[in-house]
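So you can see what is in the structure, the chains are spelled out below.
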Amino acid sequence: MKVIKIFSQLLLVLILSIIGYSIVQEDNPIEVVKGNLSYKPIPFILEKTDDTICKMLIHSYYGSSQAITKNGDTYFFNDIGCMMIWLEEQPYKESIRLWVYTKDTERWLNARLAHYTTRDKTVVGYGFGASERELKDSISFKEMRVRMLKEEHLLNPKVRKRLLKNRY
Amino acid sequence: MSSLLLNTNIAIFLLAEWIVWFVLLIAFGVTVYILKKWDFQSYTPVQYRLEKYAYLVMVILIFAFSMKFILLPYFIFTMDKISDIVPGAMCSAGVISFNHYGMKLFFIKLLILLFLMVWLMINHYDLDAKKYPWFKLKGWLYLVIFLLISVELYWDYAFFNDIDIHKVLNCCSTLYGLLEGVNPLPFGLDKTRLLILFYLLYIMIVLSTFGKQYFILSIGLILFTIIGYYSVLYFFGTYIYQMPNHNCPFCMLQKDYYYIGYLLWGSFIGGLFLGVTTIIANLVLGIDIQKLKILMVLLFTQFIVICSLYVAIYYIQNGVFLEPVKVEMVM
């Protein structure tokens with residue numbers, strides 16, 4: 001009986017040690033960074049950061065975007081479409097700083113000043129690609145927002161057919 | 001009123017719940033009366049009558065326990081049946097998560113069953129003791145059980161009434177599916193450590209049960225509740241479905257998997273309940289119940305054997321273990 005008691009005590013210590021070690025080692029992706037009161041884009045870690053809406057890991061800066069709320073909470077997105085969906089759910093939309101990674105100049109730009117092409121290959125497939133310079137057929141932020149709200153993006157089969165008709 | 005309430009399975013289920021509640025209502029009134037007047041030292045006709053009433057309450061509670069024991073699996077079976085007519089849901093998982101009542105209802109049902117089991121255990125030893133030393137304790141416990149059953153009955157109705165058959169529900173892949181890069185396991189565990197803990201906890205529970213170490217047994221049962229659930233959901237379940245990316249605690253209750261979920265979860269929950277009852281018997285009543293302990297260990301052993309056999313058989317048949325498939329999006 002004494003051996004059983006000692007053995008079960010040892011097992012308890014071993015089990016709690018395994019759990020404690022795992023808790024210390026826990027490494028879940030980042031979904032939100034708090035306290036960014038400079039409202040500047042954060043160089044987040046690729047493969048370790050989650051898109052807030054679709055919950056996929058962000059593998060590349062291309063097509064990614066960030067949104068910073070007034071209290072400094074920074075959210076990340078792997079597709080501009082995801083950011084727009086998130087934005088519509090937020091109160092005080094105008095106070096939220098939006099940043100997009102441009103495909104032409106490869107830097108973070110205020111999303112409201114960027115231009116958007118509509119037929120890009122994006123991670124989720126909405127098709128909006130941000131650029132600093134105005135490109136052929138590119139649209140403004142306001143127009144892009146309206147198209148997202150009306151679901152006029154590449155995930156809509158009718159729009160996809162119309163937009164990609166002359167692509168190849 | 002939702003048209004879903006006219007479904008045969010739901011109508012039978014709700015009717016049975018109403019009948020049990022009504023019978024328990026009688027027992028409730030009798031128990032309050034007994035608790036007010038009970039005096040074991042007295043030799044008056046009233047006291048003799050109260051003792052007879054106490055037997056009536058006991059019979060009613062044994063009936064209620066039997067009914068609740070049957071109604072819990074029937075509740076899950078009913079949800080499975082509804083998943084055939086509600087768009088989107090493939091099993092009970094979608095139905096139970098349709099509204100906020102679902103999971104609350106499921107847990108209150110388990111809690112009631114546990115309390116009824118504890119009540120029956122106390123009642124058994126109370127009758128054996130001749131002087132009814134735990135009579136008031138079991139009386140008060142019954143009042144708590146009745147309140148819980150009343151809440152449960154309201155939630156039963158609210159849950160089914162709130163389900164809109166025209167609204168699309170979530171399927172289990174959405175509810176329990178793995179998110180990219182996110183570890184769904186508790187305490188930051190990986191699958192290897194989860195499995196090590198799964199077997200170590202089983203050994204610890206068995207040893208502490210027979211070593212009469214109730215503190216260690218309590219910790220073991222709490223941890224095993226969490227580790228056992230996640231092990232089935234994210235490891236053993238995939239072998240039952242033979243699909244590496246299918247994580248659902250409910251699909252295994254369906255005919256496609258030979259209803260193995262009832263046996264698997266039944267032995268797991270049964271073992272946990274008996275474990276809790278054993279601890280309460282020891283700490284509150286000061287009784288060491290050998291039969292309960294043996295039954296608990298047998299149920300946990302059955303649970304472990306079923307889980308392990310699925311993995312072993314799969315490995316013998318295929319020569320490999322299941323590995324989750326990473327889904328790549330094709331653009």
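Computed from a predicted structure; not experimentally measured.

1. Comments concerning the state of the cysteines
Residues and elements named next belong to chain B.
Logical step 1: Applying the stated criterion across every chain, the model contains zero disulfides over all chains.
Logical step 2: Here C91 is not cross-linked by a disulfide; its sulfur's nearest cysteine counterpart is in C251, at 3.5 Å.
Logical step 3: Exposure remark for C251: the relative accessible area of 5% places this residue in the buried category.

2. Points about the layout of surface pockets
Residues and elements named next belong to chain B.
Logical step 1: Approximately 1,100 Å³ is the volume found for the second largest pocket.
Logical step 2: Along the wall of the second largest pocket there are 37 residues; nearest its centre are L110, W265, I269, G270 and F273.
Logical step 3: Going through the elements one at a time, α2 (45–82), α4 (101–128), α8 (214–241), α9 (260–285) and α10 (290–318) are the ones with two or more residues in the lining of the second largest pocket.
Logical step 4: Ranked by residues supplied to the lining of the second largest pocket, first place goes to α9 with twelve residues.

3. Notes on the confidence of the model for chain B
Detailed reading of the predicted model is not advised wherever pLDDT is low.
All names here are of chain B.
Logical step 1: Per-residue confidence for chain B averages 89 on the pLDDT scale, and 97% of its residues sit at or above 70.
Logical step 2: Of all the helices and strands in chain B, helix α6 (residues 172–176) carries the lowest mean pLDDT, 77, while α10 carries the highest, 96.
Logical step 3: Per the prediction output, this complex has pTM 0.80; the corresponding ipTM is 0.83.

4. Describing the domain arrangement of chain B
For interface size, the figure often reported is the accessible area lost on association.
Residues and elements named next belong to chain B.
Logical step 1: On domain assignment, one finds that chain B holds domain 1 (3–161) and domain 2 (177–318).
Logical step 2: Placing a centre on the C-alpha atoms of domain 1 and another on those of domain 2 gives a separation of 26 Å.
Logical step 3: Contacts between domain 1 and domain 2 engage 20 residues on the former and 18 residues on the latter.
Logical step 4: Counting every contact that joins domain 1 to domain 2 gives zero salt bridges.
Logical step 5: One can count one residue pair in polar contact (both at pLDDT 80 or more) joining domain 1 with domain 2.
Logical step 6: For the side of domain 1 that touches domain 2, the elements supplying multiple residues, two or more each, are α2, α3 (92–96) and α4.
Logical step 7: No other element matches the eight residues that α4 contributes to the side of domain 1 that touches domain 2.
Logical step 8: Class assignment of the residues belonging to the side of domain 1 that touches domain 2 gives a composition of 17 nonpolar, two polar and one charged.

5. Here's the deal with the side chain of E152(B)
Residue and element names in this part refer to chain B.
Logical step 1: With respect to the helices and strands, the residue E152 is situated in helix α5 (residues 135–161).
Logical step 2: In this structure E152 comes out as buried when scored by relative accessible area, which is 2%.
Logical step 3: Not counting the four nearest positions on each side in its chain, E152 is found in contact with E17, K68, L105, I108, K109 and I112.

6. Details of the interface of chain A and chain B
Logical step 1: Across the boundary between the two partners, chain A contributes 30 residues, which contact 25 residues of chain B.
Logical step 2: Each partner contributes to the roughly 2,400 Å² buried at the junction of chain A and chain B, and carbon and sulfur atoms together form 73% of this total.
Logical step 3: The largest per-residue losses of area from chain A upon contact with chain B belong to L12(A), I15(A) and I19(A), which jointly make up 21% of the total buried on that side.
Logical step 4: Our enumeration of links across chain A and chain B arrives at zero salt bridges.
Logical step 5: Here chain A and chain B share four residue pairs in polar contact (both at pLDDT 80 or more) between them.

7. Quick look at the pairing of strand β3 (residues 74–77) of chain A
Across a regular strand the side chains alternate sides, sitting on one face of the sheet and then on the other.
All names here are of chain A.
Logical step 1: A two-sided burial pattern is seen for β3, the buried positions comprising T74 and F76 on one face and Y75 and F77 on the other.
Logical step 2: As judged from the two bridges shared by strand β1 (residues 32–33) and β3, these two strands associate in the antiparallel manner. Pairing of V33 across the sheet is with T74, part of β3.
Logical step 3: Inspection of the sheet shows strand β2 (residues 65–68) paired to β3 by four bridges, in the antiparallel sense. In the strand pairing of β3, A67 is matched with Y75.

8. Focus on helix α2 (residues 80–88) of chain A
Residues and elements named next belong to chain A.
Logical step 1: Of all the nine residues making up α2, seven are buried; the element is thus mostly covered by neighbouring parts of the structure.
Logical step 2: Every buried residue belonging to α2 is among I80, G81, C82, M83, M84, W86 and L87, and all of these are buried.
Logical step 3: Of the surrounding elements, those touching the buried residues of α2 are β2, β3, β4 (97–101), β6 (115–117), β7 (129–131) and α3 (141–149).

9. Examining the packing of α2(B) against α4(B)
Residues and elements named next belong to chain B.
Logical step 1: Relative orientation of the contacting elements α2 and α4 amounts to 150°, with a least axis distance of 10 Å. Considering their axes alone, α2 and α4 lie roughly antiparallel with respect to each other. As α2 runs across α4, the sense of the crossing is left-handed. Contact with α2, carried on its side by Y55, M58, L61, I62, A64, F65, K68, F69, L72, F75 and I76, involves L105, F106, K109, L110, I112, L113, L116, M117, W119, L120, N123 and L127 of α4 and no other residues of that element.
Logical step 2: Looking at the contact of α2 with α4 residue by residue, the classes come out as 20 nonpolar, one polar and two charged.

10. Quick look at unusual backbone geometry
All names here are of chain B.
Logical step 1: The phi torsion at Q242 lies on the positive side, around 55°, for a residue other than glycine.
Logical step 2: Take Q242: it is sitting in the loop between α8 and α9.
Logical step 3: A relative accessible area of 46% means that Q242 is categorised as partly exposed.
Logical step 4: Positive phi, close to 55°, is recorded for Y258, a residue that is not glycine.
Logical step 5: Residue placement: Y258 occurs in the loop between α8 and α9.
Logical step 6: Judged by its relative accessible area of 73%, Y258 falls in the exposed class.

Reading the values: rules and limits
Residues numbered from 1 in each chain as written. Chains lettered and ligands numbered in written order. Predicted model: local features only at pLDDT ≥ 70, side-chain atom pairs only at ≥ 80, totals over all residues. Heavy atoms only, no water. Disulfide = S-S within 2.5 Å. Buried < 20%, exposed > 50% of the residue type's maximum accessible area, 1.4 Å probe, protein only. 1 Å grid on protein atoms, 1.4 Å probe; cavity = no way out; pocket = protein on both sides within 12 Å on 5 of 7 lines; lining within 4 Å. Points joined across faces, edges and corners; volume = space filled by probe spheres on them. Helix = DSSP H or I, 4+ residues; strand = E, 2+ residues; numbered from the N terminus. pLDDT = per-residue confidence, 0-100. Domains from an automatic or database assignment. Contact = heavy atoms within 4.5 Å. Salt bridge = Lys/Arg side-chain N within 4 Å of Asp/Glu carboxyl O. Polar contact = N/O pair within 3.5 Å; in protein donor to acceptor, adjacent residues only side chain to side chain. Nonpolar A, V, L, I, M, F, W, Y, C, P; charged D, E, K, R; others polar. Buried area = accessible area lost by both parts, 1.4 Å probe. Pairing = 2+ DSSP bridges. Axes fitted to C-alpha atoms, helices over the stretch in contact; angles between N-to-C directions. Parallel < 35°, antiparallel > 145°, perpendicular 65-115°, else oblique. Left-handed = near helix turned anticlockwise from the far one by under 90°.

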